Structure formats: structure tokens, C-alpha cells
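# Coordinate inspection notes
One-letter residues, chain by chain:
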Amino acid sequence: MLTRLVEEPAAVDNAARSVTRPFYVYAVLANTLFQRGVFVLFLYQRGFSAGQVALLQTLLYLVSGVAELPTGVIADRIGRRASVVIGQVLMAGCLLGQAAFSHYWVFLALFIGQGVGMACVSGSDTALLYDLLVRRGATAGYVKIRSRFTMLGTVTSGAAIVLGGQLQQVSWGVVYAGSAACLALAVVVLMSRVPEIRGADAVDEREGAEGHGDASAWRAMLRVATPALVTLVVVSGLMHATLTPYIIFTQKTLSDQGAGTAWVSVVISAGFFVGGLTPLLSDRADRRLGYRVIVPVSLLMLAAALGLSGLGLVWVTVAAFLALVGIPEITAVIVDNVFNEAVPSRYRASLLSMIAFVESALIGIGYLILGTLMDGLGSSVGMATYAVVPLLACLLWLPVLFRGARVTTGFEKPAD
């Protein structure tokens, strides 16, 4: 009996490793994007104004958000791996197009295509990973696996930012072609090492027994959409709508506070490394605090970082950025696990895409709001004023925190 108890966890660990190894390689390749830290400079060198650059970024996120809904349904129908492959190939093609052309209307089309590619990948990659773990009965370790997946991707992004600055000295073509090549290699890894899985393949026996197998994704969403889950979607979206613009616009804030370009690039790169390593604490934070507590903690930390940036002191801004930027990354991993546990397998990609749609839309709106505040009030005061957003999200979360409302519905439980 004792031998059996020892062998079962070992078998689960082996099953999890067989699933996760190619995903870890994929995470590294898919995030080796050399242009990520210098693309704004590239757009300026193409002759685009600040307003045109802002429009491209807003268009990217809004298109990605709108495309989340149909691409999620497609992923459940034709396959999640196929959706990820289509998205990565589309983004690689758009990167090559940006290196080849210089007309603004062409860039508008390329950024639209890149947004669609992002939507194809978003929700499908994590749904594919989670359901392959369900097949192997290894979902108990998902938070730890997801944290490593996030860590590898984010740390790789930080390293790629540094390398991108060096490659740019050769040519912009090398930067963009290198990124496209890494995305192509990520596709090769998926096609050769990761099996396909569709919504119908992922559905468990319990779900089918209850007669929900032929329901639409929208009806499935209504079944699992408890008030607490809807609140978590909105609050998570507001957290991302704070964190993403904060990371990007910190570059301008540091510059306005007197930091040189070299220092700014070092700080942002360091922020990526911090944001990549802190998710390794997600499993411990989930066990000790849980998502109900870690969500408001992250929001308050974001508000504090924005407020400290408003003091106008460059070293305070740097310290706040590096100390606090990683905490929301921990929360994102934990919340992702809650979402996966809350939605049924058959429509997991569709429902996660609906959630990503809300997040993308809020991020796009956040860019516009924070950019407007910084233009009108100055970068430092604009940052401090934007702290209202995470504080508002924290207020929305209070009923869930104190009433103990249910987020997961028990609709589908992990196989293990």
C-alpha cells in the first residue's frame, strides 16, 4: 500500500513533465522577440509621430480584444494547437512586413494582422496546456507549471530586449527577421512535440453525462458566470490595464525625471527579469494566501507604485518599479488557474478568449487614459493620478473578499 502511494505521485510528476517540456521550450522561443524593447524607436525612425505610434498600439490591443471571441470558438472547433500555430505564423509574417515596408497605411494593416495573431494564441496556448494536463491527471501542479511557463517567457523577454539593442546596431532587418525566425521555431516545436486537442476531445465524462455537451459557448458562459467570477474577470482586467501601460510608460516617466536612455533600457529589462522570477512564488502564495487575498494586495501594490512615481524622484520611481512590478505577475498565474478550474473543457478556449477580450479592451482603454493624463498633467503627476484605477478595482473586489462568494462553480473538477 505504501509503495503504491509513493508510485502514484511519481507517475503524476512524470506525466506532467512529459507535457510541460515542449511547452517550456515553446515559451522561450515564442518570447524571443528582439524588437520588443526597441520597436518604439523603430517606428519613430520610420517617420511616424507620437500620435501615430499611440494609434498603432491602441489598434493592436483593440483588434486583439475583438478577435478574441471568434478565434476562441475556432480554437475549440479546429484545435487549440492549430490556433496557436496560425497565430504565431501570422505574427511572424507581420514582423517581416514591418521590416520591409515604411508606409503608415501598411503598418496599420500589419498591426491589425498582428492583433489577430495575438488573439489566436491568447487563451489557446494555456487551454492546450491545461487540458493536456487533465488528460494525464496532473492538474494539481498547474499553478507551479504555469508559474515556470510565465517565468521562462518573461525572463526570455528581458534577455531579448538587451540583445535586440545590440542587434539593432547591425540592422533593423536582423532584429525583426530574428524575432520572426524564433516564432517559426516555436511553431516547429508545437507541431512536432505537442499533440492536438479540441474542445470535444477535452470534455470529461461528467460534463457529457449532464447533457451540456452540445450547448454553445455562450450558454456555457452563462452557466459558469457567477457574480464573483464576473467580478474577478473585471478586476483582473483592471489590474492588467494598470500594469501593462505602467510598464510601457515608465520609460517616459524615467526619461522625464532625468534618467538617460541607457539607464531606462537597463531598468525596463531588469523589470522583465523581476516579473519573470516572481511567478515562481505563485504556488506558495496560492497555498498560504489564496486568490481572494492576493488580488487586493496586488492592486494596492500597483497603486503604491504609481503614487511613488508621482513624487518625481527618479530613484524612487526605479525602486518602486523593481520592487512592485512582479507582484501582479504572481496574481496573474493564480487567477489563470481559477479561470481554468471554473470553465468547462469543451469550451475552455472560447471562454478564456472571452475573458482575454475583456482584458485586452481594458488595456487599450488604459493606454489612452494614462497617455492623456501624462500629456495633460505631466508624466509623474499623470502616473500618480492613474492610481485611481487599481484602487477602484480593489473596491470592486471587497464584496468577494469579505462575503466569501464562490468564483468556481464546481461545474468541472480536475481529473486528479
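From a predicted model like this one, the values you see are computed outputs, not experimental measurements.

### Section: the overall build of the protein chain
From N to C terminus, the protein chain includes 20 helices and 0 strands. By the burial criterion, 54% of the 416 residues in the protein chain qualify as buried. Put simply, of all contacts in the protein chain between residues at least 6 apart along the chain, 88% involve residues at least 24 apart. Roughly 17,500 Å² of accessible area belongs to the protein chain as shown, and the carbon and sulfur atoms make up 66% of that amount.

### Observations regarding the nonpolar core
Grouped together as the largest cluster of nonpolar side chains are 55 residues, with contacts concentrated most on Tyr246 and Phe339. Breaking this core down by element, the ones donating at least two residues are helix H12 (227-256), helix H13 (261-277), helix H15 (291-309), helix H16 (314-324), helix H17 (327-342), helix H18 (348-377) and helix H20 (388-403). Beyond its immediate stretch of four places on either side in the chain, Phe339 contacts Leu229, Leu232, Val233, Ser236, Leu352, Ile355 and Glu359.

### Regarding the environment of Met191
Within the secondary structure layout, Met191 lies in helix H8 (residues 172-193). Under the relative-accessibility criterion, Met191 is labelled partly exposed at 45%. Ignoring any residue separated from it by four or fewer positions in sequence, one finds Met191 in contact with Arg81 and Val85.

### Brief notes about H16
Within H16 the residues assigned to the buried category are Thr317, Val318, Ala320, Phe321 and Leu324. The buried residues of H16 occupy an angular sector of 165° when projected down its axis, which confines them to one face. In this structure, H16 carries Trp315 and Ala323 as exposed residues pointing more than 90 degrees from its buried face.

Basis of the calculations
Residues numbered from 1 in each chain as written. Predicted model: local features only at pLDDT ≥ 70, side-chain atom pairs only at ≥ 80, totals over all residues. Heavy atoms only, no water. Helix = DSSP H or I, 4+ residues; strand = E, 2+ residues; numbered from the N terminus. Buried < 20%, exposed > 50% of the residue type's maximum accessible area, 1.4 Å probe, protein only. Contact = heavy atoms within 4.5 Å. Areas by Shrake-Rupley, 256 points an atom, 1.4 Å probe, with all protein chains shown as cover. Core = buried A, V, L, I, M, F, W, Y, C linked by side-chain atoms within 4.5 Å. Arc of directions from axis to C-beta.

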